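Chains, contacts and geometry: an overview
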Amino acid sequence: MQSAVAFLVEKEPVFQQIIDKHGWPVIPSRPPGFATLVLLILEQQVSIDSAKATYLRLRDLAKEIAPETLAHLSDDDYRSAGLSRQKTSYIKGLAQKILARDFSVESLAEMTADQARASLIQIKGIGHWTIDIYLMFSLQAPDILPLGDIAVVNTFKELFDLHTKEDMQKRAELWQPYRSLATYLLWHHYLRSRGRQISYTY
């Protein structure tokens, strides 16, 4: 990671300022697989803490976060765990695709980032933000820029005075092939400057 940091600092001195002020960033990691995709669906448009609480209720109810268990829970079961009708349909749909062998989570680890994205985007309820985070956290893809993440967008505005995603994308071209690490630095600044800390484990 040292060489990647040195590369980013040379291209973008503000990254050194983030490290000097806040220390090293957290590098999130989650196990690849169905359970992490379920958690990411739950995290869409809500806080990580709220999604984690829902995930734990669902796990307690199902006994195991697995396609076999979640495909057969009733909608009332999902509702009792705090899931919306929409997220219930997304998770059940994903579980059913896996059980029907229409989709393999395990195969994603053998694909390039672009191939994995093309596979995941076919699944209802899984958009580019979910894919970006899965690629970064679970598959350790090194060059992802999740511009669907509001914290990343707000940090671009704050640090670089950039206000369109096109301008943000262009600025981040300087950071290739380490845009994932650059993103972790942006998140690190966003959280620490607001006195916040997040646990990505579950």
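These remarks concern the structure in this document. For clarity, every value in this text was computed on a predicted model and none was experimentally measured. (Residues numbered from 1 in each chain as written. Predicted model: local features only at pLDDT ≥ 70, side-chain atom pairs only at ≥ 80, totals over all residues. Heavy atoms only, no water.)

**Here's the deal with the overall build of the chain**
We count it as follows: A run of DSSP states H or I qualifies as a helix once it reaches four residues; a run of E qualifies as a strand once it reaches two. Both are numbered from the N-terminal end. What the globule rule says is 2.2 Å times the number of residues to the power 0.38, and the radius of gyration is computed from C-alpha atoms. Buried means the residue's accessible area, taken with a 1.4 Å probe over protein chains only, is under 20% of the maximum for its type, while exposed means over 50%, and partly exposed covers the values in between. Two residues qualify as a contact provided that any one of their heavy atoms is within 4.5 Å of a heavy atom in the partner residue. Under this rule, positive means Lys or Arg and negative means Asp or Glu; His and the chain ends count for nothing. Charge coordinates come from a single atom per side chain, which is NZ of Lys, CZ of Arg, CG of Asp or CD of Glu.
Of the regular secondary structure elements, the chain holds 12 helices and zero strands. Going from the N terminus to the C terminus, the chain shows its helices and strands as α-α-α-α-α-α-α-α-α-α-α-α. Relative to its length of 202 residues, the chain is compact, with a C-alpha radius of gyration of 18 Å against a globular reference of 17 Å. For the chain, the spread of C-alpha atoms along the three principal axes comes to 50 × 35 × 30 Å. With 202 residues in all, the chain has 48% of them scored as buried. Taking contacts inside the chain between residues at least 6 apart in sequence as the whole, the part at least 24 apart equals 62%. Here the chain carries 23 positive and 23 negative side-chain charges, and the mean point of each set is 5 Å from the other.

**Comments concerning the nonpolar core**
Using the following cut-off: We call a set of buried residues a nonpolar core when its members are Ala, Val, Leu, Ile, Met, Phe, Trp, Tyr or Cys and they connect through side-chain atoms within 4.5 Å of each other.
Phe15, Val38, Leu70, Phe103, Leu120, Phe156 and Trp175 are the most contacted members of the largest nonpolar core, which has 68 residues in total. If we ignore the near neighbours within four places in the chain, the residues touching Phe15 are Leu8, Val9, Trp175, Ala182, Leu185 and Leu186.

**Overview of a nonpolar patch on the surface**
The condition that has to hold: For patches, a residue must show more than 30% relative accessible area and have no salt bridge; joins then use 9 Å for like charges and 5 Å for nonpolar side chains, namely Val, Leu, Ile, Met, Phe, Trp and Tyr. Surface accessibility in these figures is a Shrake-Rupley result with a 1.4 Å probe; residues are shielded only by whichever protein chains are displayed. Any carboxyl oxygen of Asp or Glu within 4 Å of a side-chain nitrogen of Lys or Arg constitutes a salt bridge here.
On the surface, Met1, Trp24 and Ile27 cluster together into a nonpolar patch covering about 320 Å² of accessible area. Turning to its location among the elements, Ile27 is positioned in the loop between α2 (14-22) and α3 (34-43). Judged by relative accessible area, Ile27 falls into the partly exposed class, the value being 40%.

**Regarding the side chain of His22**
Checked against the element boundaries, His22 lands in helix α2. Setting aside chain neighbours within four positions, we find His22 in contact with His188, His189, Arg192 and Ser193.

**Topic: the packing of helix α10 (residues 150-160) against helix α12 (residues 179-192)**
Which entries qualify depends on this criterion: Axis definition: a line fit to C-alpha positions, over the contact stretch in the case of helices; interaxial angles, taken between N-to-C directions, run 0 to 180 degrees. For classification, angles of less than 35 degrees are called roughly parallel, those exceeding 145 degrees roughly antiparallel, those between 65 and 115 degrees roughly perpendicular, and all remaining angles oblique. The residue classification treats Ala, Val, Leu, Ile, Met, Phe, Trp, Tyr, Cys and Pro as nonpolar and Asp, Glu, Lys and Arg as charged. All others, Gly included, are polar.
Between α10 and α12, the shortest axis-to-axis distance is 9 Å and the interhelical angle comes to 80°. Comparing the axis directions of α10 and α12 gives the class roughly perpendicular. Along the contact surface, α10 presents Ala151, Val152, Asn154, Thr155, Phe156, Glu158, Leu159 and Phe160, while α12 presents Thr183, Leu186, Trp187, His189 and Tyr190. Partitioned by chemical class, the residues of the contact of α10 with α12 number eight nonpolar, four polar and one charged.

**With respect to empty space enclosed by the protein**
The test is simple: Grid spacing is 1 Å over the protein atoms alone, the probe is 1.4 Å, and a cavity is where that probe fits but cannot get out, while a pocket is an open set with protein on both sides within 12 Å along at least five of seven lines and lining residues have an atom within 4 Å of a point. Grid points are joined across faces, edges and corners, and a volume is the space filled by probe spheres set on the points.
Summed over the entire model, instances satisfying the criterion amount to one cavity of 30 Å³ or more. Of the voids in this model, the largest cavity is the one considered here, and its volume is about 130 Å³. Along the lines of polarity and charge, the residues of the lining of the largest cavity split into seven nonpolar, two polar and two charged.

**Quick word on unusual backbone geometry**
Note that the residue after Gln176, namely Pro177, is joined by a cis bond; omega there is 10°. If you trace the backbone, Pro177 turns up in the loop between α11 (165-172) and α12. With a phi angle near 75°, Lys63 is a residue other than glycine that sits in the positive phi range. Inspection of the secondary structure assignment puts Lys63 in the loop between α4 (48-62) and α5 (67-70). On the basis of relative accessibility, which here comes to 70%, the residue Lys63 falls in the exposed class. The backbone of Asp161 shows a phi angle near 55°, a positive value even though the residue is not glycine. With respect to the helices and strands, Asp161 occurs in the loop between α10 and α11. Residue classification places Asp161 among the exposed residues on the basis of a relative accessible area of 58%.

**Concerning the pattern of salt bridges**
Oppositely charged side chains can form a pair if their charged atoms are brought close together. Taken as a whole and judged by the stated rule, the model has seven salt bridges. The salt bridge involving Glu12 is made with Arg171; its shortest N-O contact spans 2.9 Å. Taken together, the residues Glu12 in the loop between α1 (2-11) and α2 and Arg171 in helix α11 connect sequence positions 159 residues apart. The exposure class assigned to Glu12 is buried, which follows from its relative accessible area of 5%. When the shortest N-O distance is used, the salt bridge between Asp143 and Arg179 registers 2.9 Å. With a gap of 36 residues between them, Asp143 in the loop between α9 (128-137) and α10 and Arg179 in helix α12 connect regions that are remote in the sequence. Residue Asp143 is classed as partly exposed on the basis of its relative accessible area, which comes to 23%.

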